[in-house]
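Residues per chain, in single letters:
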Amino acid sequence: MSEQKTRPDTGDVDEFLAQVDDPAKRADSYRLVEMMSAVSGEPPVLWGTMVGFGTYHYRYASGHEGDAFLIGFAPRKAEFSIYLMGTYLPEEIARRDGLLARLGRHRMGKACLYVKRLDDIDLDVLRELAEISVATLRAAYPAAK
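Residues numbered from 1 in each chain as written. Predicted model: local features only at pLDDT ≥ 70, side-chain atom pairs only at ≥ 80, totals over all residues. Heavy atoms only, no water.

Quick look at the overall build of the chain
Here is step 1 of the chain: In terms of regular secondary structure, the chain is built from 4 helices and 8 strands.
Here is step 2 of the chain: For the chain, the α and β elements follow one another from N to C terminus as α-α-β-β-β-β-β-β-α-β-β-α.
Here is step 3 of the chain: Against the globule reference of 15 Å for 145 residues, the chain gives a C-alpha radius of gyration of 15 Å, in line with a compact fold.
Here is step 4 of the chain: With respect to the three principal axes, the spread of C-alpha positions in the chain is 40 × 35 × 25 Å.
Here is step 5 of the chain: When each of the 145 residues of the chain is scored for burial, the buried share is 43%.
Here is step 6 of the chain: Of the contacts made within the chain by residues no fewer than 6 positions apart, 55% connect residues no fewer than 24 positions apart.
Here is step 7 of the chain: Charge centroids of the chain, computed over 19 positive and 22 negative side chains, lie 5 Å from each other. (Helix = DSSP H or I, 4+ residues; strand = E, 2+ residues; numbered from the N terminus. Rg over C-alpha atoms; globule rule 2.2 N^0.38 Å. Buried < 20%, exposed > 50% of the residue type's maximum accessible area, 1.4 Å probe, protein only. Contact = heavy atoms within 4.5 Å. Lys, Arg positive; Asp, Glu negative; His and termini not counted. Charge placed at Lys NZ, Arg CZ, Asp CG, Glu CD.)

In structure tokens:
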């Protein structure tokens with residue numbers, strides 16, 4: 001099996017966020033750190049160019065396995081990538097879609113939410129999505145932190 005490329009503890013979160021060029025995006029990044037830390041109960045950890053909170057170990061039927069963060073984000077140049085893997089599990093898709101209808105300007109991939117600025121969305125709805133993601137993954141993976 002190949003080695004996992006994205007790993008935790010690849011650097012200092014504050015140093016990474018200080019390098020975000022756009023002051024508004026940097027401020028939004030710190031808002032996300034505050035919210036995601038509160039939701040997960042875990043500190044921010046740098047995973048490559050992503051800031052993650054908490055961890056879980058997954059194993060698929062195919063035999064592929066690895067570690068991932070419960071929730072996280074990446075302050076990309078064009079927009080934020082906000083990772084909500086627990087909202088993609090089948091039992092949460094309908095609830096996720098109902099919340100997304102109230103969120104504001106965004107795009108959604110399978111488990112990744114894309115937003116340009118936090119002012120474009122309802123932060124209470126984002127927090128609820130993050131809470132669902134964390135709770136769902138902790139229920140699915142009991143060893144999750």
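There's plenty left to go through after this.
Some words on the packing of helix 3 (residues 93-103) against helix 4 (residues 123-140)
Here is step 1 of the chain: Two numbers describe how helix 3 lies on helix 4: the axes approach to 9 Å, and their chain directions differ by 160°. One element, helix 3, and the other, helix 4, form an angle in the roughly antiparallel class. Seen along the crossing, helix 3 lies across helix 4 with a hand that is left-handed. For the pair helix 3 and helix 4, the contacting residues are R95, R96, L99, L100, R102 and L103 in the first and V125, L126, E128, L129 and I132 in the second.
Here is step 2 of the chain: Taken together, the residues that form the contact of helix 3 with helix 4 break down as 7 nonpolar, no polar and 4 charged. (Axes fitted to C-alpha atoms, helices over the stretch in contact; angles between N-to-C directions. Parallel < 35°, antiparallel > 145°, perpendicular 65-115°, else oblique. Left-handed = near helix turned anticlockwise from the far one by under 90°. Nonpolar A, V, L, I, M, F, W, Y, C, P; charged D, E, K, R; others polar.)

Things to note about the sheet that holds strand 5 (residues 71-75)
Here is step 1 of the chain: Ordered in space as 1-2-5-6-8-7, the 6 strands form an open sheet in which the pairing is antiparallel. The outermost strands of the open sheet, each flanked by one partner alone, are strand 1 (44-47) and strand 7 (107-108).
Here is step 2 of the chain: Judged from the 4 bridges that link them, strand 1 and strand 2 (residues 50-53) form a sheet pairing that is antiparallel. Within strand 2, the residue paired with V45 across the bridge is G52. (Pairing = 2+ DSSP bridges.)

Digging into helix 4
Here is step 1 of the chain: Spanning 18 residues, helix 4 covers 26 Å between terminal C-alpha atoms, matching the ideal 26 Å at 1.5 Å per step.
Here is step 2 of the chain: When we look at burial in helix 4, the residues that qualify are V125, L126, L129, A130, I132, S133, V134, T136 and L137.
Here is step 3 of the chain: The secondary structure elements touched by the buried residues of helix 4 are helix 2 (23-40), strand 3 (56-59), strand 5, strand 6 (80-83), helix 3 and strand 8 (112-115).
Here is step 4 of the chain: Taking the backbone nitrogen of D124 as reference, a side-chain oxygen 2.9 Å away marks D122 as the first, capping residue of helix 4. (Expected span 1.5 Å × (residues − 1). Polar contact = N/O pair within 3.5 Å; in protein donor to acceptor, adjacent residues only side chain to side chain.)

Interpretation in functional terms is not warranted from these geometric data alone.
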